[in-house]
Amino acid sequence: MMLKHAIYQTGTINSLLEAVYDGDTTLKYLASKGDLGLGALDAINGELIICDGEFFRADANCRLNKLLKEDKTPFAIISHFQPSLSFELKADSFADLERQLLAQLPSLNLIYTFKIKGVFSQIDLRSEECTCRPYRRLIEILPDLQRTCTFENMQGTLVGVYFPTYLAQVNVPGFHFHFVDAKQEIGGHVFGLNLSAGVVEVQIIHELDLSLIASAEFYQANLAGNITDEVTQVEKLRS
Ligand SMILES: [Zn+2]
């Protein structure tokens, strides 16, 4: 039997959209599950980026801070990164990057993780201020919490995942990238870029290890709704 690579996930994209903003998984535990990943932090307090085993929080100004092992996440994904595909590319937009990556994937029905090191003539990032209880749905609060930043002539690494459409209630369908710059000072959630030279590494994933949150908020959240449009608005668009 072929060796199947696994990815670990805590929380779901629909629980995050339904205001389950506090998780039960510490970053220390997450670190036992891999060295490359991305996600959110409790109370939506910035963006989480995991690259080469290092954990970073991007604050609302897209500046990176180190995290504590006891910090928790309500939504994160991580794998032991073992790429099996590698190639070089340039991309003059996020859509162009998506098109070129799709063309290289052996199937749209699998999960993939990506590490893309490169030179970015431009990168558009966002991160968030934290929110306070009582928690309201993400679509309602994100416009007030999020800050967008554009940086030019950056070297750094995109950390990304691809999820197939049929898992759209579980994770963001399609591509989802976070960024950390080479100096480990700047990062965030990526919604635009111009990649002037990049080396892509791809890991093919056949196993999803999904940890559901043990909390009253998760138990009581309505996770049955169709959130496709909201995910697009929250994760893909500059608002
Ligand atoms: Zn993100």
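Our structure's up above, just so we're on the same page.
In this convention, every chain numbers its residues from 1, walking through the sequence in written order. It should be noted that, the model being predicted, local features are given only for residues of pLDDT at least 70 and side-chain atom pairs only at 80 or more, the latter also being counted only at that level, while totals for whole chains, interfaces and linings use all residues.

Before going further, it helps to spend a moment on the overall build of the protein. The number of helices and strands found in the protein is 6 helices and 14 strands. What the globule rule says is 2.2 Å times the number of residues to the power 0.38, and the radius of gyration is computed from C-alpha atoms. For 239 residues, the compact-globule formula gives about 18 Å, and the C-alpha radius of gyration of the protein, at 16 Å, lands near that figure. Overall size of the protein, expressed as C-alpha extent along the three principal axes, is 45 × 45 × 35 Å. Scored against the burial criterion, the 239 residues of the protein give a buried share of 42%. Within the protein, contacts between residues separated by at least 24 positions form 80% of all contacts whose residues are at least 6 apart in sequence. Secondary structure elements follow DSSP: runs of H or I no shorter than four residues count as helices, runs of E no shorter than two count as strands, and numbering proceeds from the N terminus. Exposure classification rests on a simple neighbour count of other C-beta atoms within 10 Å of a residue's own: a residue reaching 20 or more is buried, one at 12 or fewer is exposed, and one in between is partly exposed. C-beta atoms are placed from the backbone. Residues are defined as contacting one another if the C-beta atoms placed from their backbone atoms lie within 7 Å.

In regular strands, side chains alternate between the two faces of the sheet. Burial of strand β1 (residues 6-10) is extensive: 4 of the 5 residues sit out of reach of the surface. Note on pairing: DSSP must find at least two bridges between two strands before they are called paired. The pairing of β1 with strand β14 (residues 207-211) spans 5 bridges and is parallel. Bridge assignment links Y8 to a residue of β14, and that residue is D209.

Right, let's talk about the sheet that holds β14 for a bit. Pairing is mixed in the open sheet, where 7 strands are placed in the order β6-β5-β4-β3-β8-β1-β14. If you trace the sheet from one side to the other, it starts and ends with β6 (64-66) and β14, each paired once. With direction set aside, neighbouring strand axes in the sheet form an average angle of 20°. When β1 meets strand β8 (residues 76-79), the two strands line up antiparallel, connected through 3 bridges. Across the sheet, residue Q9 finds its bridge partner in β8, namely I77. Axes here refer to lines fitted to C-alpha atoms; in helices the fit is confined to the stretch in contact. Angles between the N-to-C directions go from 0 to 180 degrees.

This next bit is on unusual backbone geometry. Of note, the bond from R133 into P134 is cis; its omega dihedral lies within 30 degrees of zero at 0°. Here P134 is to be found in the loop between β10 (111-128) and α4 (138-145). Residue A19 is not a glycine yet carries a positive backbone phi of 75°. Relative to the helices and strands, A19 resides in the loop between α1 (13-17) and β2 (25-26).

Looking now at the environment of K117. Counting through the fold element by element, K117 comes out in strand β10. A C-alpha to C-alpha distance of 24 Å links K117 and R147, two positions 30 residues apart in sequence.

By size, the foremost hydrophobic cluster in this structure holds 61 residues, and its most contacted members are I49, I50 and V159. When residues of this core are assigned to their parent elements, the largest contribution, 7 residues, is made by β10. Sequence-distant contacts of I49, defined by excluding residues within four places in its chain, comprise L38, F56, A58, V159, H178, V180 and G187. Think of a nonpolar core as buried Ala, Val, Leu, Ile, Met, Phe, Trp, Tyr and Cys residues, each tied to the set through C-beta atoms within 7 Å.

Here we come to the environment of I123. Along the polypeptide, I123 turns up in strand β10. Assessed through the 28 C-beta atoms surrounding it within 10 Å, I123 is described here as buried. Between the C-alpha atoms of I123 and L108, which are 15 residues apart in sequence, the distance is 26 Å. Setting aside anything within four residues of it in sequence, one finds I123 in contact with F151, M154, F179, V190 and L193.

Looking at the element boundaries, D92 is found in the loop between β9 (85-91) and α3 (94-104). For D92, a count of 13 C-beta atoms within 10 Å gives the class partly exposed. When the C-alpha atoms of D92 and S196 are compared, they prove to be 7.3 Å apart, with 104 residues separating the residues in sequence.

A word on the packing of α4 against helix α6 (residues 228-236). Helices that pack against each other are described as a pair by the angle of their axes relative to one another and the distance between those axes. Taken N-terminus to C-terminus, the directions of α4 and α6 make an angle of 15°; their axes are 11 Å apart at the nearest point. One element, α4, and the other, α6, form an angle in the roughly parallel class. In terms of crossing hand, the pair formed by α4 and α6 is left-handed. Here L138, I139 and L142 of α4 come into contact with α6, specifically with E230, Q233 and V234. Each residue is assigned to one class: nonpolar for Ala, Val, Leu, Ile, Met, Phe, Trp, Tyr, Cys and Pro, charged for Asp, Glu, Lys and Arg, and polar for all the others, Gly among them. Taken together, the residues that form the contact of α4 with α6 break down as 4 nonpolar, 1 polar and 1 charged. Just so you know how the angles are binned, under 35 degrees is roughly parallel, over 145 roughly antiparallel, 65 to 115 roughly perpendicular, and the rest oblique. By definition, any crossing whose near helix is turned counterclockwise from its far helix by less than a right angle is left-handed, and any crossing with a clockwise turn is right-handed.

The analysis is restricted to geometry; functional conclusions fall outside its scope.
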